[in-house]
Amino acid sequence: MKPLKRHPALTQLSMEHHHTLALCLRIMREPEKNHRADITEHFVDLEHHFLEEETLFGPLWHKLPDAALRERFEAEHAQLRQMIREPRFDDAEWNKAFATLLRSHARFEERELFEAVTKHALPPPDPA
């Protein structure tokens, strides 16, 4: 199935996912390195991103045909927040787990959640 064109309400979130995926790549290239500065700086933006998504999607969940999308979205936001509350920046396994979860989450949103929200929950964009 061909992906839908990105809805204007989701464009900025998609661009932010690009920066997140770049961070994950940097971590995965050198998981043994301490990435405290990069992760901490990015997480400030990421927390804002999470809140923006949660505010946008909150009133839309009931329109989606699959409750598993909401469950995964909320569970992964909670897990990522928990990981950043208890970071182990010098632990290569923690770095890999954090980057893997963050990458998987961004891809899930792009490939599954945003497609479902666009198809079932957002109003059609204004033709301009």
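Residues numbered from 1 in each chain as written. Predicted model: local features only at pLDDT ≥ 70, side-chain atom pairs only at ≥ 80, totals over all residues. Heavy atoms only, no water.

### A word on helix H1 (residues 11-29)
Three or four residues apart is the spacing at which side chains of an α-helix point the same way, because the helix has 3.6 residues per turn.
Reasoning step 1: If you check H1, its first and last C-alpha atoms are 28 Å apart, about what 19 residues at 1.5 Å a residue would give, namely 27 Å.
Reasoning step 2: Residues of H1 that are buried in the fold lie against helix H2 (36-57) and helix H4 (92-120). (Helix = DSSP H or I, 4+ residues; strand = E, 2+ residues; numbered from the N terminus. Expected span 1.5 Å × (residues − 1). Contact = heavy atoms within 4.5 Å.)

### Here we look at the pattern of salt bridges
Reasoning step 1: As enumerated under the stated definition, the model contains ten salt bridges in all.
Reasoning step 2: A salt bridge links Arg-81 to Glu-54; the shortest N-O distance between them is 2.8 Å. Taken together, the residues span a long stretch of sequence, with Arg-81 in helix H3 (residues 67-85) and Glu-54 in helix H2 at a distance of 27 residues.
Reasoning step 3: Judged by its relative accessible area of 16%, Arg-81 falls in the buried class.
Reasoning step 4: Note that Arg-88 and Asp-91 form a salt bridge whose closest N and O atoms lie 3.1 Å from each other.
Reasoning step 5: Since its relative accessible area comes to 47%, Arg-88 is described here as partly exposed. (Salt bridge = Lys/Arg side-chain N within 4 Å of Asp/Glu carboxyl O. Buried < 20%, exposed > 50% of the residue type's maximum accessible area, 1.4 Å probe, protein only.)

### A few points about the nonpolar core
For soluble globular proteins, the rule of thumb is that nonpolar side chains tend to be buried together.
Reasoning step 1: If you look at the biggest cluster of nonpolar residues, it comprises 16 residues, and the most contacted ones within it are Ile-27, Ile-39, Phe-43, Leu-80, Trp-94, Phe-98 and Leu-102.
Reasoning step 2: Looking at this core, the element that brings in the most residues is H4, giving five residues.
Reasoning step 3: Excluding anything up to four places from it in sequence, Phe-98 contacts Ile-27, Ile-39, Phe-43, Leu-80, Met-83 and Ile-84.
Reasoning step 4: Judged by nonpolar contacts, the second largest core, of 15 residues, contains Leu-13, Leu-60, Leu-69 and Phe-114. (Core = buried A, V, L, I, M, F, W, Y, C linked by side-chain atoms within 4.5 Å.)

### Focus on the layout of surface pockets
Reasoning step 1: Taken as a whole, the largest pocket spans an internal volume of roughly 150 Å³.
Reasoning step 2: Around the largest pocket sit Lys-5, Arg-6, His-7, Pro-8, Thr-118, Leu-122, Pro-123, Pro-124 and Pro-125, which together line it.
Reasoning step 3: Looking at the lining of the largest pocket residue by residue, the class counts come to five nonpolar, two polar and two charged. (1 Å grid on protein atoms, 1.4 Å probe; cavity = no way out; pocket = protein on both sides within 12 Å on 5 of 7 lines; lining within 4 Å. Points joined across faces, edges and corners; volume = space filled by probe spheres on them. Nonpolar A, V, L, I, M, F, W, Y, C, P; charged D, E, K, R; others polar.)

### Here's the deal with empty space enclosed by the protein
Reasoning step 1: Going through the model one piece at a time under the given rule, you end up with one cavity of 30 Å³ or more.
Reasoning step 2: For the largest cavity, the calculated volume is near 40 Å³.
Reasoning step 3: For the lining of the largest cavity, the elements supplying multiple residues, two or more each, are H1, H2 and H4.
Reasoning step 4: If you tally residues by element for the lining of the largest cavity, the top one is H4, at four residues.

Purely geometric stuff here, so don't read any function into it on its own.
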